[in-house]
Amino acid sequence: MRRVMAASHRRRAVAFAVGLLVGMCVLLLAGCELLPASLTPAPAPEPGTVPLHVARAGGSVIALVDVTVHGQGPYDFVVDTGASRSVVDQQLAQQLGLPQVAAAPQVTGVSGPAAATVVRISDWSAGDVSLPNGVVAAIDLQLSDSAAAQQLIGRRLYGLIGSDVLSSFGVVTIDYNQQTLALGAQ
């Protein structure tokens, strides 16, 4: 009986932690212009397929992809089609010297407001697929809701690729069985 209750509590804790991670990444960036300065749409990035790491903890599943920034990495980023904006760990942004954008963002997750900056990111890729240049929120992921999820999956998370980046490919296919992420029509 105790084992069943302990397993049930653990599954609920894992689901809660993953929910917090996802909730943290549903960003509300108030007072922050995240659209490109030019109204001309950027050309669609080149399509490609990259390996995906599927982490399972309790009843939750997290899709991770290796991301390289300025030739450094790879770093584990969560692939989150439900997040409107991409995120990079604040320590990583500082380490890589990502330039800050003059903005006063208010980032809100499930547990409330969090401190953030906005940084410009370029020369980054998921596996061998180049990702579009843009701006992302920089959050201290070691102190945020994601810290619990990181402990549960046993990997450090350095960021999140959200719909702002994924949508630029038009078609995105996540194959959990083959553990691949296809970006763009191929």
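Residues numbered from 1 in each chain as written. Predicted model: local features only at pLDDT ≥ 70, side-chain atom pairs only at ≥ 80, totals over all residues. Heavy atoms only, no water.

Draft legend 1. Molecular detail of the overall build of the protein chain. Looking only at helices and strands, the protein chain has four helices and 14 strands in total. Within the span of the protein chain, comprising 186 residues, buried residues form 44% of the whole. Within the protein chain, contacts between residues at least 6 apart in sequence are counted, and of these 68% link residues at least 24 apart. Total accessible area on the protein chain is roughly 9800 Å²; 54% of this is exposed by carbon and sulfur atoms. (Helix = DSSP H or I, 4+ residues; strand = E, 2+ residues; numbered from the N terminus. Buried < 20%, exposed > 50% of the residue type's maximum accessible area, 1.4 Å probe, protein only. Contact = heavy atoms within 4.5 Å. Areas by Shrake-Rupley, 256 points an atom, 1.4 Å probe, with all protein chains shown as cover.)

Draft legend 2. Examining the environment of Leu96 more closely. With respect to the helices and strands, the residue Leu96 is situated in helix H2 (residues 90-96). For Leu96 and Ile121, which are 25 residues apart along the polypeptide, the C-alpha to C-alpha distance reads 9.9 Å.

Draft legend 3. Expanded view of the pattern of salt bridges. Within the structure shown, the criterion is met by two salt bridges. Across the pair Arg85 and Asp164 runs a salt bridge, and its minimum N-O distance is 3.7 Å. Here Asp164 lies in helix H4 (residues 163-166) and Arg85 lies in the loop between strand S4 (72-79) and strand S5 (87-89), a separation of 79 residues in the sequence. A salt bridge links Arg156 to Asp89; the nearest nitrogen and oxygen atoms lie 3.0 Å apart. A residue pair is termed long-range when its members are at least 10 positions apart, and Arg156 in the loop between helix H3 (146-153) and strand S12 (159-161) and Asp89 in strand S5 qualify at 67 residues. (Salt bridge = Lys/Arg side-chain N within 4 Å of Asp/Glu carboxyl O.)

Draft legend 4. Main features of unusual backbone geometry. A cis amide bond, omega 10°, links Gly73 with the succeeding residue Pro74. Mapping Pro74 onto the fold places it in strand S4. With phi around 50°, His70 is a residue other than glycine that occupies positive phi space. For His70, the location among the structural elements is in the loop between strand S3 (60-69) and S4.

Draft legend 5. Seen up close, the environment of Gly184. With respect to the helices and strands, the residue Gly184 is situated in the segment after strand S14 (180-183). With a relative accessible area of 8%, Gly184 lands in the buried category. Residues Gly184 and Pro45, 139 residues apart in the sequence, show an inter-C-alpha distance of 7.8 Å. The contacts of Gly184, once residues within four sequence positions are left out, are Pro47, Phe169 and Val171.

Draft legend 6. View of the sheet that holds S14. Ordered in space as S1-S14-S13, the three strands form an open sheet in which the pairing is antiparallel. At either margin of the open sheet sits one strand with a lone partner, and together these are strand S1 (48-51) and strand S13 (172-175). Each adjacent strand pair in this sheet contributes to an overall mean axis angle of 15°, direction not counted. As paired strands, S1 and S14 are joined by four bridges and run antiparallel to one another. The residue of S14 that forms the bridge with Thr49 is Ala182. (Pairing = 2+ DSSP bridges. Axes fitted to C-alpha atoms, helices over the stretch in contact; angles between N-to-C directions.)

Draft legend 7. Spotlight on the pairing of S3. With seven of 10 residues buried, S3 is to be regarded as a mostly interior element. Connecting strand S2 (residues 53-57) to the next strand, S3, in antiparallel fashion are two residues, including Gly58 with a positive phi near 65°. Note that S3 and strand S9 (residues 124-126) share three bridges and pair antiparallel. Note that in S9 the partner of Thr68 across the bridge is Ser125.

Draft legend 8. Representation of the confidence of the model for the protein chain. Residues of the protein chain with pLDDT of at least 70 account for 63%, and the chain-wide mean is 74. Every residue in residues 4-40 scores below 50 in pLDDT, and together they form 68 contacts with partners more than four places removed in sequence or on other chains. (pLDDT = per-residue confidence, 0-100.)

Draft legend 9. Local environment of the nonpolar core. If you look at the biggest cluster of nonpolar residues, it comprises 30 residues, and the most contacted ones within it are Val65, Phe77 and Val88. With four residues, S3 is the largest single contributor of residues to this core. Beyond its immediate chain neighbours, meaning those up to four positions away, Val65 contacts Val50, Pro51, Leu52, Tyr75, Asp76, Phe77, Val79, Ala126, Ile161 and Leu181. In terms of nonpolar packing, the next biggest core, distinct from the first, is built from 12 residues, Ala83, Ala116, Ile139 and Leu160 among them. (Core = buried A, V, L, I, M, F, W, Y, C linked by side-chain atoms within 4.5 Å.)

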